[in-house]
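# Observations on the model geometry
So the chains spell out like this:
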Amino acid sequence: RKGNVIITGASSGLGLATAKALAETGEWHVIMACRNFLKAEKAAKSVGITKENYSVMHLDLASLESVRQFANTFRRSGRPLDALVCNAAVYLPTAKEPTYTAEGFELSVGTNHLGHFLLARLLLDDLKQSDYPYKRLIIVGSITGNTNTLAGNVPPKANLGDLRGLAGGLNGIQSSAMIDGGDFDGAKAYKDSKVCNMLTMQEFHRRYHEETGITFASLYPGCIATTGLFREHIPLFRLLFPPFQKYITKGYVSEEEAGGRLAQVVSDPSLTKSGVYWSWNKNSESFENQLSKEASDAEKARKLWEVSEKLVGLA
Ligand code: NDP
């Protein structure tokens, strides 16, 4: 049978390119988990994904209620789940004030981390039950959260501190809207959320890999300077960022190439190692990359897991 893969945020950028790459193999049915149903349908058509190879299901990661509904609806569809790709993200680098999810969490961490944390936890049982030869849970990471890289050292740097803001509810009322309890900074909130994504992947690996055989992995697909992720940035940045990445840092990858990389992590029989953060070298070969000290801190990963469980209502 075909594999079934859920991809969050498959209505644009990396998620869409990955959906296309997997659907084209003829071996995957892609469930596009998107907040905007019409946009997702149009996107699938625009890149030529054929009808029998995808379905769109509504998911708004900025609402835990919607995440729970999605998990229920998916289960009722009767499809087995063979791979889950947590890809969607928001990036609000120019926001002066925090905005919030339905449950009142700062939007970047609420969407990118907490929404995906609940989704992955709810769907873990479905992955466990699949009889597919490889079962994978992939959470898209980023270089920007990794302070052991040049890009990760551009201020404001990611830093979760002692998680006091998160533990306080990340709501800007009783607690700060930032995980470390500091003043709101949209660019930092995004980077922090990506550190959470990478810590979550490793904690899943430690808790569940042996017992379930599921492969847990993260990746940095390269700098895809053309995606919608930068839509909130100032116009001059949006104009100069793609050529800067192409010709100066040489870290640029096209959406198509990045989609091919993520599709590889989902389906390549040689990439089944769990607990790995994949990157690609100049010849586009995959390798196991090192995470920064904070993004590989096992104690912080455990604490993040426990605090997140409370916030999303699992503990
Ligand atoms: P895009 O903005 O193109 O795609 C983000 C997707 O997330 C969109 O489909 C968007 O939906 C969706 N999304 C946003 N909020 C929600 C929500 N509340 N519920 C459901 N879906 C939502 O960005 P990219 O393709 O660049 O980003 C994809 C991933 O790649 C992210 O995890 C990002 O951190 C990562 N990444 C990107 C890099 C880059 O250079 N671009 C580099 C490294 C990592 P909609 O279409 O409705 O807006």
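Counting from 1, residues in each chain are numbered in the order their sequence is written. Two thresholds apply to this predicted model, a pLDDT of at least 70 for residue-level local features and 80 or more for giving and counting side-chain atom pairs, whereas whole-chain, interface and lining totals are computed over all residues. Remark: hydrogens and water are excluded; side-chain values derive from all non-hydrogen atoms of the structure.

This paragraph deals with the overall build of the protein. Elements are defined by DSSP. Helices are runs of H or I of four residues or more, strands are runs of E of two residues or more, and each kind is numbered from the N terminus. Looking only at helices and strands, one finds 9 helices and 8 strands in the protein. Only C-alpha atoms enter the radius of gyration; for comparison, a globular chain is expected to reach 2.2 Å times N to the power 0.38, where N is the number of residues. Relative to the 2.2 N^0.38 estimate, which gives 20 Å for 315 residues, the radius of gyration of the protein is 18 Å and therefore close to what a compact globule would have. Along the first, second and third principal axes, the C-alpha atoms of the protein reach 50 × 50 × 35 Å. For the exposure calls, accessible area comes from a 1.4 Å probe over protein chains only, and a residue counts as buried if that area is under 20% of its type's maximum, exposed if over 50%, partly exposed in between. Expressed as a percentage of its 315 residues, the buried residues of the protein come to 55%. In what follows, a contact means two residues having at least one pair of non-hydrogen atoms within 4.5 Å. Pairs at least 24 apart in sequence give 73% of the contacts found in the protein among residues at least 6 apart. Total accessible area computed for the protein in this model is approximately 13600 Å², and 52% of it derives from carbon and sulfur atoms. Charge separation in the protein, taken as the distance between the mean sites of 36 positive and 33 negative side-chain charges, equals 3 Å. Areas reported here follow the Shrake-Rupley algorithm with a probe of radius 1.4 Å; residue values treat only the protein chains shown as occluding. Working convention for charge: Lys and Arg count positive, Asp and Glu count negative, and His plus the chain ends are omitted. Charge positions come from single atoms, namely NZ of Lys, CZ of Arg, CG of Asp or CD of Glu.

With that settled, the discussion passes to the pairing of strand β6 (residues 215-219). Counting buried positions along β6 yields 5 of 5 residues, so the element is predominantly enclosed. Of the two faces of β6, both are covered, the one formed by T215, A217 and L219 as well as the one formed by F216 and S218. Here a strand pair is declared whenever DSSP counts at least two bridges between the two strands. Pairing between strand β5 (residues 136-140) and β6: 5 bridges, direction parallel. Bridged to I139 within β6 is S218.

This brings us to unusual backbone geometry. The amide bond that connects P155 to the next residue, P156, takes the cis arrangement and shows omega of -5°. Tracing the sequence through the fold places P156 in the loop between β5 and α5 (164-167). One non-glycine residue, L170, lies in positive phi territory at about 55°. With respect to the secondary-structure elements, L170 resides in the loop between α5 and α6 (186-212). On the basis of relative accessibility, which here comes to 0%, the residue L170 falls in the buried class. Positioned with a positive phi, S284 is a non-glycine residue whose angle comes to about 60°. Note on S284: relative accessible area 30%, which makes it partly exposed.

Right, let's talk about the nonpolar core for a bit. Here, nonpolar core refers to any group of buried Ala, Val, Leu, Ile, Met, Phe, Trp, Tyr and Cys residues whose side-chain atoms link them within 4.5 Å. I6, F70, L123 and L137 are the most contacted members of the largest nonpolar core, which has 59 residues in total. Put simply, the parts of the chain that give this core at least two residues each are β2 (28-34), α3 (64-76), β4 (83-86), α4 (107-129), β5, α6 and α9 (298-311). No other element matches α4, which puts 10 residues into this core. Excluding its chain neighbours within four sequence positions, the residues that come into contact with F70 are I6, I31, A33, M57, H58, L59, L119 and L123. Judged by nonpolar contacts, the second largest core, of 36 residues, contains V5, V30, Y54 and A217.

Taken residue by residue, a regular strand's side chains alternate between the two faces of the sheet. One ladder, built from 5 bridges, connects β2 with strand β3 (residues 54-58); its direction is parallel. Pairing of M32 across the sheet is with V56, part of β3. Seen with the strands pointing away from the viewer, any crossover whose path from the first strand over the helix to the second strand runs clockwise is right-handed. For the segment spanning β2, helix α2 (residues 37-46) and β3, crossover handedness is right-handed.

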